[in-house]
Number of protein chains: 2
Amino acid sequence: MNAMSKQQLLSMLVEPAETKLLLIVLDGLGGLPVEELGWRTELEAARTPNLDELARRSALGLAYPVGHGITPGSSPGHMALFGYDPIECEIGRGVLEAIGIGLELTENDVAIRANFATAELRNGSWIVIDRRAGRIPTDECKRLCELLQSSVERIDDVEVIVRPVKEHRFVVVFRGEGLGDSVNDTDPQVVGAPALTPKGEDEPSERTARLAAQFIERAAELLRNEARANFVLLRGFSKVPKLPSMNELFKLTPCAIAVYPMYRGLAKLVGMKLIEVGGESISDEIEALRTHYGEFDYFFLHIKPTDSRGEDGDAHGKVKVIEEFDEHLPRVLELNPDVLVITGDHSTPSVWRAHSWHPVPFLLHSRWVIPDSDASGFNERACAKGMLGHFPMIETMSLMLAHGGRLQKFRA
Amino acid sequence: MNAMSKQQLLSMLVEPAETKLLLIVLDGLGGLPVEELGWRTELEAARTPNLDELARRSALGLAYPVGHGITPGSSPGHMALFGYDPIECEIGRGVLEAIGIGLELTENDVAIRANFATAELRNGSWIVIDRRAGRIPTDECKRLCELLQSSVERIDDVEVIVRPVKEHRFVVVFRGEGLGDSVNDTDPQVVGAPALTPKGEDEPSERTARLAAQFIERAAELLRNEARANFVLLRGFSKVPKLPSMNELFKLTPCAIAVYPMYRGLAKLVGMKLIEVGGESISDEIEALRTHYGEFDYFFLHIKPTDSRGEDGDAHGKVKVIEEFDEHLPRVLELNPDVLVITGDHSTPSVWRAHSWHPVPFLLHSRWVIPDSDASGFNERACAKGMLGHFPMIETMSLMLAHGGRLQKFRA
């Protein structure tokens, strides 16, 4: 039992129940004091009567997505919230990029992040001049991806999928049996250096590397008349990780209500059913929750714009998103879920204009908590003093299962 | 990636930046309520307007050097503060004793703690009568060490270094190639028992053991006319641990401002540059910090007397040291470091008169914290309620690096 992970412990103790668990993730929720908000955080400045009232009937805390000082990308925070170790459970960059544009990957796929680049052929080597081809516009990226896709549909017996992302970035997927993903990046990371040759660390990966080399050659041929984007660099070769599903691990029947492809993709990786949402607003998402509330027992509802406004450095915008969520909160509370968690996957303070390492405000509502009755509301400072203390975000699943009456006693 | 330590994670994410990080360690800072201070702790009783004001612009917390209930010696707390696992990163007793008296050790050295003892030769065995030779005065220790040193400069091709410490305690160093340190203590720990024979667990250590046996024999010969200190006991055979430097691990250019040899030695073990200090006072140390502020990006400033007064049981004395530091604090703040941490390496409550297990008050000042604006000041009770929560002291480095903008995002 020495090295039993928290996940194994939960799997051992979990039992089904009739309870409903609802996780609402306001992406990038946590913030820092903002001068224009009177040195209050976005959560402190937002007018949120419903959240504040709920906070005083809930237990509050601060959750660390990965650890002190560690700024998580989009996947580690969500993995932790879903009950998966955010460090051990690695999702490759190629896979993330692919699910980020809504590509449905199979277990036979190797997904690759690709850049259009400017390069020069000297003595048989492609010397990289601009790793991003001058950040060509997204429209140009689309045109070039269509060109590549229409000319390179297969290499040998392997299907090739080429899809644009944004500016110089695109995705390549090799779909075929027996392909490995232990292949080095071809991007030399510096200009003036030759693009690297893809090499595989094992036989299946060597097969992928050979496909990649052919793809690069074909692309260079097809792009030869482009002024800027005349070459491609490949990075982050990866296959979909084989994760046990939330149903296997936690005996849940989970669903995801999310608008952005990245989060739908992450939810799918852990076996959530994806719910169609009628529009892109918070209200649309809550409507979808209400519509499908009878069909599942675990609901992941993802709200993106808190993070987007934080990354924009738009403090007032972030405040407005929080207030918009607060307005619609009563429609969630009407469902009366047995366990309701409202938190973020990481902090995105608008003064930092990026994801940050700060722990995330966390609210747990259930019949079975000691409420933080004297909390000033739902905000970072109140959460720092809350009944739940400061804890690793991966504990979210154990807390939700426990408060949902879904965990047996540990030993006698 | 399975068992990635926090240190490995940081090394993976760290990137250089222009920011300055300053760690001020008030040794043994934390305390307990003292009756003569009106049941306040030394930090609560001290008049510290500058620290208190700073606390309300900083994030506070409590740091556990090793773990709940564990009282650290001098090295584990500092190792944790420097970002090294205080349990895994073991520094031998011989090495600690040697660096504590300012001996500069090389990688070829085996350092040994030695005691002068009283012993009696019976049937060819040295029976220990007094393990500390009646705690001979330090001057006598010096005289005897000079005697040993002048007579035993080498054994075979190995240099022998003998240096006094205090009372019956001294240090022996064997300097030569191919010496191991897996050698048992010769001190039987009880009187009336024979001194043990040094034995090595492997071939290099067996070589050291043979040197040690010869050293003991020569010492007994040289000391035969001493009334009390007629024998020596050897303990804590150890080599300098091979630690990766802070520069390798964290891409920092670190320096140490410390007066006591022990702390200078610990700093040197992790690759800090040692700064000369013009005197021994807190003011002298801060002057040295100001003089060298342009040359480094990480500064470890060590203040010893808080611990000394705690060990003396001198509550008022400890209060005075804290107040003295507070007076000079503005000269530190004028430097405007990007990240400033003020904490201890462990607690030394004056009522306990020794190191204790209590978590240590921790203050983190940076542009990127949510300040504990309503803190009563910088003290244990305020820290227990602070925004940083209660956390392992080894997180200090991650917090400092993160707030200094020196950690990349963890995955996408």
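Above this text you will find the structure in question.
I will try to describe carefully the structure that is included in this document. Just so it is clear, the model here is predicted, and its values are computed rather than measured. (Residues numbered from 1 in each chain as written. Chains lettered and ligands numbered in written order. Predicted model: local features only at pLDDT ≥ 70, side-chain atom pairs only at ≥ 80, totals over all residues. Heavy atoms only, no water.)

## Remarks on the relation of the copies chain B and chain A
The two copies are related by a screw operation: chain B maps onto chain A through 123° of rotation and 0.0 Å of translation along the axis, at an RMSD of 0.1 Å. Between the two chains, the operation in question is that of a three-fold axis. Among all C-alpha atoms of chain B, that of Lys385 of chain B lies closest to the rotation axis, at 3.7 Å. When the interface residues of chain B are mapped onto chain A, a mere 3% of them again fall at the interface, so the copies present different faces. (Least-squares fit on C-alpha atoms with pLDDT ≥ 70 in both. Contact = heavy atoms within 4.5 Å.)

## Some words on unusual backbone geometry
The backbone phi angle of Lys251 of chain A is positive, close to 55°, even though this residue is not glycine. Mapped onto the elements, Lys251 of chain A comes out in the loop between α8 (246-250) and β9 (254-257). Phi is positive for Asn336 of chain B, which is not a glycine, with a value near 55°. Note on placement: Asn336 of chain B falls in the loop between α12 (315-333) and β12 (339-343). (Helix = DSSP H or I, 4+ residues; strand = E, 2+ residues; numbered from the N terminus.)

## Structural notes on the pairing of strand β3 (residues 109-122) of chain A
Here is the key point about a regular strand: its side chains alternate between the two faces of the sheet. Residues and elements named next belong to chain A. Most of β3 is tucked away, with 11 of its 14 residues classed as buried. Relative to strand β7 (residues 169-175), β3 runs antiparallel, the two being bridged by 7 bridges. Opposite Asn115, over in β7, you have Arg169 as the bridge partner. Sheet topology places β3 next to strand β4 (residues 125-130); 5 bridges connect them, and they run antiparallel. For Ala119, the partnering residue across the bridge sits in β4 and is Val128. Between β3 and β4, which pair antiparallel and follow one another directly, the connecting turn spans 2 residues, one of which, Asn123, has a positive phi of 50°. (Buried < 20%, exposed > 50% of the residue type's maximum accessible area, 1.4 Å probe, protein only. Pairing = 2+ DSSP bridges.)

## Digging into empty space enclosed by the protein
Under the definition given, this model contains 2 cavities of 30 Å³ or more. For the largest cavity, the calculated volume is near 160 Å³. Lining the largest cavity are 14 residues, and of these His358 and Pro359 of chain A together with Ile370, Met387 and Leu388 of chain B lie nearest its centre. At the level of secondary structure, the elements contributing two or more residues to the lining of the largest cavity comprise β2 (59-64) of chain A together with α14 (395-403) of chain B. The calculated volume of the second largest cavity comes to roughly 40 Å³. Around the second largest cavity, the lining residues are Arg381, Ala384 and Lys385 of chain A together with Pro371, Asp372, Ser373, Asp374 and Met387 of chain B. Of the residues assigned to the lining of the second largest cavity, the class counts are 3 nonpolar, 1 polar and 4 charged. (1 Å grid on protein atoms, 1.4 Å probe; cavity = no way out; pocket = protein on both sides within 12 Å on 5 of 7 lines; lining within 4 Å. Points joined across faces, edges and corners; volume = space filled by probe spheres on them. Nonpolar A, V, L, I, M, F, W, Y, C, P; charged D, E, K, R; others polar.)

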